[in-house]
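Chains, contacts and geometry: an overview
Below are the chains, spelled out letter by letter.
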Amino acid sequence: MLKQPDTKYRSFPQVGLRDRTWPDHVIDKAPAWCSVDLRDGNQALIEPMDGERKRRMFHALLDIGFKEIEVGFPAASQTDYDFCRMLIEENLIPDDVYIQVLTQARPELIERTFEAVRGAPNVILHLYNSTSTVQRRVVFGMERDGITELAVEGAKQVQALAAEQPETRWLFQYSPESFTQTELDYALEIVDAVNAVWQPTPEKPVIINLPATVEVSTPNIHADQIEWFARNVQRRDGIILSVHPHNDRGTAVAAAELAVMAGADRIEGTLFGNGERTGNVDLVTLAMNLYTQGVHPGLYFDDINEVVRLAEYCNQLPIHPRHPYAGELVFTAFSGSHQDAIKKGFAAQAKDSTWEVPYLPIDPKDVGRSYEAVIRINSQSGKGGISYLMERDYGMTMPRRLQIEFSHVIQKVTDDTGRELTAPEIWEAFRQEYMDVTRPFELVDYREGTDADGNDKLTATIRDNGEERIIAAQGNGPIDAFVAALSKHTGVDLQVADYTEHATNAGANAQAVAYVEMRGPDGSSLFGVARHGNIVTASLHALLNAVNRLAGRSVLDDAGDEELKAARKETTA
Ligand SMILES: CC(=O)SCCNC(=O)CCNC(=O)[C@H](O)C(C)(C)COP(=O)(O)OP(=O)(O)OC[C@H]1O[C@@H](n2cnc3c(N)ncnc32)[C@H](O)[C@@H]1OP(=O)(O)O
Ligand SMILES: CC(C)C(=O)C(=O)O
């Protein structure tokens, strides 16, 4: 790159529209949309669409709700010509839909274009020629007058040929191509000259399309250009003012939105912004942006994944995983604080009320996406996300301290492996850590009862390092009795620090989940978890799992009654 880029590039001049009004406007209704996927999108593909792909794209565009579809440049290629004929001859164009066809202002091309659309019910005949200073000089070698004459002659021919096909409802469209690089006064002059031929009125309007053929300025300057043009053009009330932004600076969406605020009635663009170079403006994003402001765009993306598949198939180009509203990852949070906020947001979100889930600008369900992928776990994740998955996929509502404890377990795995963990992998880690901990103690059987004084009593058969032992004690309920029996057996003072339980599935398959946090003699505490159809059984298993985890950390060896511990060692040797 140059050290001094100003020797090669210059900043784009201001329009000088001091009394601009567009910044105060709010978009409260959708513009008219025109899809140019089959023309501008198609002409930018490595391999242009064949007939079958074009047909698929056309039907999908109808399903989405487009009423204006540029189907090709029929004078340019036989495929485009044949496609046009096929749509007409097979009656595939609904009555309320206009097909649009593009032609240069060259007599033989205009003629062939009219041949291509003969018999169509509604046609937008789109005439263009480039008007920019550089193209006038370099491509056409003409002064302004010559370029204007080209457009005017083209407009006359279009008018004359349309008159020969009265069975078709015609809308004429003119584009001063490269509008944004054309002096505004000249763009105005040439459009007025074309309209002097077409004589548009509110009853018989024309489309004047102002393309940002190459995006060359910030969107505010584009908006100034549009407002200036809309204020100064003659016969404004007979003009459907259209924009056609490209995305060279990556700001086509913003440019289109500001252009609508500045007076544009219509936008040409493509699905996901396919098109020349960096693409045309993305109509999916524009439509969904409107939707998030409570304005229905009149385009329907209820199953956005299907639209992604269609675009990828027809264009043979992938959609980026972070593409707005549609990418695979756009409704996914990996980072802990985002996950925590989303989890709380979901819990607080009342049905049928204003959407207010942090980090999710829209409800994924509105575009046919599930909540499945909203939270995914890697080393950036925290307890909120992990417990969300555990609850959503496995029905485990972990107590807060267990959430914290388990998140450290997962953090270690994700840090060690450096990769994402799936929900089944998280579940497996949970089971290994909290549920399948059968050494040294394992519950074989137990019996509840009462002693002569009416106290609860529990007699249990356990395996201690594989050896069966019978332990028994009284207590204030079965859990208390079991803790007492275990303390006696191990010679260690064990205590329940926390106990939570809940049911998982309802009905005949209902299972109880017990979370027991046990405190060892050194004051440290760990959780054990178990599921069972019987809540007492689940609790005793969970308790033993917690004790086993304490034992695994040698907590049971460090304190307690030496005599009893020795006895235990002897009996289990
Ligand atoms: C910004 C856009 O996207 S505009 C649409 C662009 N799309 C396409 O070009 C795709 C289809 N195009 C094609 O297949 C071909 O360009 C065709 C069939 C239309 C024409 O092909 P060719 O006649 O071989 O000429 P070529 O493409 O080289 O066109 C250049 C000539 O057309 C002239 N020309 C270019 N655009 C226009 C126009 N809008 N109106 C009148 N003349 C034009 C040029 O000045 C040049 O003239 P010259 O030969 O006297 O120097
Ligand atoms: C023909 C015009 C509208 C065009 O495609 C462009 O300028 O990008």
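Predicted model only: the values in this text are computed from it and were never measured. (Residues numbered from 1 in each chain as written. Chains lettered and ligands numbered in written order. Predicted model: local features only at pLDDT ≥ 70, side-chain atom pairs only at ≥ 80, totals over all residues.)

1. Side note on helix α17 (residues 535-552)
- With 18 residues, α17 should reach 26 Å at 1.5 Å per residue; the first-to-last C-alpha distance of 25 Å fits that figure.
- With 14 of 18 residues buried, α17 is to be regarded as a mostly interior element.
- Looking one or two residues beyond α17, the residue adopting positive phi is Ser 554, at roughly 60 degrees. (Helix = DSSP H or I, 4+ residues; strand = E, 2+ residues; numbered from the N terminus. Expected span 1.5 Å × (residues − 1). Buried ≥ 20, exposed ≤ 12 C-beta atoms within 10 Å, placed from the backbone.)

2. Points about the site of ligand 1
- Among the 15 residues in the neighbourhood of ligand 1, the closest are listed as Gln 43, Ala 76, Gln 104, Ala 105 and Asn 129.
- Sorting the residues of the shell around ligand 1 by element identifies α1 (37-43), β4 (122-130) and α5 (133-140) as the ones contributing at least two each.
- In the shell around ligand 1, the residues fall into seven nonpolar, five polar and three charged. (Near = placed C-beta within 6 Å. Nonpolar A, V, L, I, M, F, W, Y, C, P; charged D, E, K, R; others polar.)

3. Thoughts on the nonpolar core
- One finds Ala 256, Ala 259, Val 284, Val 307, Phe 482, Leu 543 and Val 547 to be the most contacted residues of the largest nonpolar core, which totals 148 residues.
- Here this core gets nine residues from one element, more than from any other, and that element is α17.
- Setting aside residues no more than four positions away along its own chain, Val 284 makes contact with Leu 271, Phe 272, Phe 301, Val 307, Tyr 325 and Ala 326. (Core = buried A, V, L, I, M, F, W, Y, C linked by C-beta atoms within 7 Å. Contact = placed C-beta atoms within 7 Å.)

4. Thoughts on the sheet that holds strand β14 (residues 525-532)
- An order of β12-β13-β14 is seen for the three strands of this open sheet, with the pairing classed as antiparallel. What marks the edges here is a single partner per strand, and that holds for β12 (495-503) and β14. Geometrically, the sheet is characterised by an average inter-axis angle of 15 degrees between neighbouring strands, direction not taken into account.
- As paired strands, β12 and strand β13 (residues 512-519) are joined by eight bridges and run antiparallel to one another. Across the sheet, residue Val 496 finds its bridge partner in β13, namely Met 518. (Pairing = 2+ DSSP bridges. Axes fitted to C-alpha atoms, helices over the stretch in contact; angles between N-to-C directions.)

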